[in-house]
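Architecture at a glance
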Amino acid sequence: MQVILHIGAPKTGTTILQKTFRRSERVLAAHGIAYPRSPRHKSKHRILLVGIGSLGRDGASRFPDETRHDDQRKAWFARLGRQLRKTSPEILVLSNEGLFGVLPTDRLAALREDILSLGADHIRIAGYVRRPSDHYLSGLQQKIKASWKVPLPGPLNCRQVLEPYMDVFGAGNVLIRTYDRATLCEGDLVADFVNAYLSVSGLSRSDLREGRDGNISLSGEAMTLVRQYRQDFHHDNDDVFTSDTTALMRAIRQIEDRIGPTRPRLRPELSVWLDSASDDPLWLRETFGVVFPGYDYGTCPDAWPRRPPVPEQPSLTDIIVIDREKQRRMIDELGRSAWVGNSPPGFGWLPGRGARRDWLAGLRNAPPD
């Protein structure tokens, strides 16, 4: 049995891949592919992270102590082993983007042994990476949805992440591809994954049921509104998604669909710094053939300062280009939207109709950064 261990990276379409595979279990099984369920998050094999990496936001609530973590992990591997012996798939796919981190080689070696115990005779590491500036911007957008704190930009560290995998699983078994719609098969991550890693199964993209992508894309102007909302109403709820924030994002998205959605853009000097602050893009090209379209491979990382060209505690306007006129229009549209007019009176920490009106009035006087 061949095992494909998909490690991300984060912000490379991992969630839609996992949801698509989860909804296509029967189709995958008909092609000799197993995609097992996992505790709590059935499409994400977060259980693989026990003992080697962070379980994420809700790991502690599900597994309150390390002993229970380890017990559940062992039980899951035991159940999976019994299932695989019954079904005898040709390919097993495991996926969690939390595995894309700087992990100790001894922990990776233990993970390898656990996977081999399932009956694997060949393990391949599958992953995608994106251009450093694109990766930071995508991560920033996701961060703002659950926090008002702007993460300080930093250089790419793919080499630190991938070399331990190469040491443990063998350099020839680590297969990394470019995440860019211009280079993905059919411009689609799922189609590219199937074509690159599962082609021997005879599976095609059209065979699979579409996973639901609940991600809400935001413009730079929308990001400033969401960040200000988080700072004003969820100042201490760092890295916690809330239903009222999601309601605001959906309202903003409806407005953007009417007035014309735009993609957020990094400030040019920061974009250049992020793309040039590390030699990882050169290493990725030489080691895996990963090429970022439009990237200037002639830039020398040593020519750039070690610190990013932003303050130590940056605002969004230090990071992205903001159209103030569009921002003002969005604030006005929000004031006339159902997000205010049909909102409940409010209770506890949840801001109601009056609080939302007052908040928008404050934004008109002092546009958010």
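Since we're looking at a predicted model, the values are computed, not measured.

1. Considerations on helix 15 (residues 353-365)
Since the α-helix advances by 3.6 residues per turn, residues separated by three or four positions end up pointing in the same direction. With 13 residues, helix 15 ought to run about 18 Å at 1.5 Å a step, and its terminal C-alpha atoms sit 19 Å apart, in line with that. By the burial criterion, the buried members of helix 15 are Arg356, Trp359, Leu360 and Leu363. The buried residues of helix 15 occupy an angular sector of 95 degrees when projected down its axis, which confines them to one face. For helix 15, the exposed residues lying more than 90 degrees away from the buried face are Asp358 and Asn365. As for helix 15, its buried residues are in contact with helix 9 (220-233), helix 10 (243-259), helix 13 (324-335) and helix 14 (338-341).

2. Some points on the side chain of Thr224
Considering the arrangement of structural elements, one finds Thr224 in helix 9. Within the local environment of Thr224, its side chain forms a polar contact with the side chain of Gln327, the two groups lying 2.8 Å apart.

3. Looking at the pattern of salt bridges
Counted according to the given criterion, the structure contains 18 salt bridges. In this structure, Arg328 engages Glu325 in a salt bridge whose closest nitrogen and oxygen atoms are separated by 2.9 Å. Placement of both Arg328 and Glu325 in helix 13 is noted, with a separation of three residues, approximately one turn of the helix. We classify Arg328 as partly exposed; its relative accessible area is 41%. Measuring nitrogen to oxygen at the nearest pair gives 3.7 Å for the salt bridge that ties Arg336 to Glu333. Glu333 gets classed as buried once you look at its relative accessible area, which sits at 16%.

4. Let's talk about the side chain of Ser147
Positionally, Ser147 belongs in the loop between helix 6 (132-144) and helix 7 (158-169). Using a relative accessible area of 1% as the deciding quantity, one classes Ser147 as buried. A polar contact is formed between the side chain of Ser147 and the backbone nitrogen of Lys149, at a distance of 3.1 Å. When neighbours within four sequence positions are excluded, Ser147 is seen to be in contact with Arg230, Asp238 and Asp239.

5. Brief notes about the packing of helix 13 against helix 15
Where helix 13 contacts helix 15, the two axes come as close as 10 Å, and the packing angle between them is 160 degrees. The pairing of helix 13 with helix 15 is recorded here as roughly antiparallel in orientation. When the axes of helix 13 and helix 15 are compared, the crossing they make is left-handed. For the pair formed by helix 13 and helix 15, the contact residues are Ile331, Asp332, Leu334 and Gly335 on the first element and Leu360, Leu363 and Arg364 on the second.

6. A word on the sheet that holds strand 4 (residues 122-129)
Consider a sheet: its strands pair through backbone hydrogen bonds, and that pairing is either parallel or antiparallel. Pairing is parallel in the open sheet, where five strands are placed in the order 2-3-1-4-5. One side of each edge strand has no neighbouring strand; the edge strands of this open sheet are strand 2 (33-34) and strand 5 (174-178). With two bridges joining them, strand 2 and strand 3 (residues 91-95) adopt parallel strand pairing. Bridged to Ala34 within strand 3 is Leu92.

7. Things to note about the packing of helix 9 against helix 10
Running from N to C, helix 9 and helix 10 cross one another at 160 degrees; their axes reach a closest spacing of 11 Å. Here helix 9 is positioned roughly antiparallel relative to helix 10, judged by the angle of their axes. The two elements helix 9 and helix 10 cross, and the hand of that crossing is right-handed. Across the interface between the two elements, Ala222, Leu225, Val226, Tyr229 and Arg230 of helix 9 pack against Asp244, Thr245, Leu248, Met249, Ile252 and Glu256 of helix 10. Looking at the contact of helix 9 with helix 10 residue by residue, the class counts come to seven nonpolar, one polar and three charged.

8. Quick word on the environment of Leu274
With respect to the helices and strands, the residue Leu274 is situated in helix 11 (residues 268-276). Since its relative accessible area comes to 1%, Leu274 is described here as buried. With residues near it in sequence (within four places) discarded, Leu274 still touches Pro132, Ser133, Tyr136, Pro153, Gly154 and Leu266.

Rules used throughout
- Note that residues are indexed from 1 along each chain, following the sequence as it is written.
- Local features in a predicted model are, by the rule used here, given only for residues with pLDDT of at least 70; side-chain atom pairs are given and counted only at 80 or more, and totals for whole chains, interfaces and linings are based on all residues.
- Remark: hydrogens and water are excluded; side-chain values derive from all non-hydrogen atoms of the structure.
- Segments assigned H or I by DSSP are reported as helices when at least four residues long, segments assigned E as strands when at least two residues long, and all are numbered from the N terminus.
- Take the number of residues in a helix, subtract one, and multiply by 1.5 Å to get its expected span.
- Partly exposed residues are those whose accessible area sits between 20% and 50% of the maximum for their type, while under 20% is buried and over 50% is exposed, using a 1.4 Å probe and protein chains only.
- To be clear, the arc concerns the directions from the helix axis to the C-beta atoms.
- The contact criterion used throughout is that any non-hydrogen atoms of two residues lie within 4.5 Å.
- Any pair of N or O atoms that falls within 3.5 Å is considered a polar contact. Within protein, one atom must be able to donate a hydrogen and the other to accept it, and sequence-neighbouring residues count only if both atoms are side-chain atoms.
- For this document, the term salt bridge refers to a Lys or Arg side-chain nitrogen within 4 Å of an Asp or Glu carboxyl oxygen.
- The convention used is that axes are lines fitted to C-alpha atoms, helices contributing only their stretch in contact, and that angles between N-to-C directions extend from 0 to 180 degrees.
- Note on terminology: angles under 35 degrees are roughly parallel, angles over 145 are roughly antiparallel, angles of 65 to 115 are roughly perpendicular, and the others are oblique.
- By the definition used in this description, the sense in which the near helix is turned from the far one sets the handedness, with an anticlockwise turn below a right angle giving left-handed and a clockwise turn giving right-handed.
- One bridge is not enough; two strands pair if DSSP finds at least two bridges between them.
- The nonpolar class holds Ala, Val, Leu, Ile, Met, Phe, Trp, Tyr, Cys and Pro. Asp, Glu, Lys and Arg form the charged class, and all remaining residues, Gly among them, are polar.

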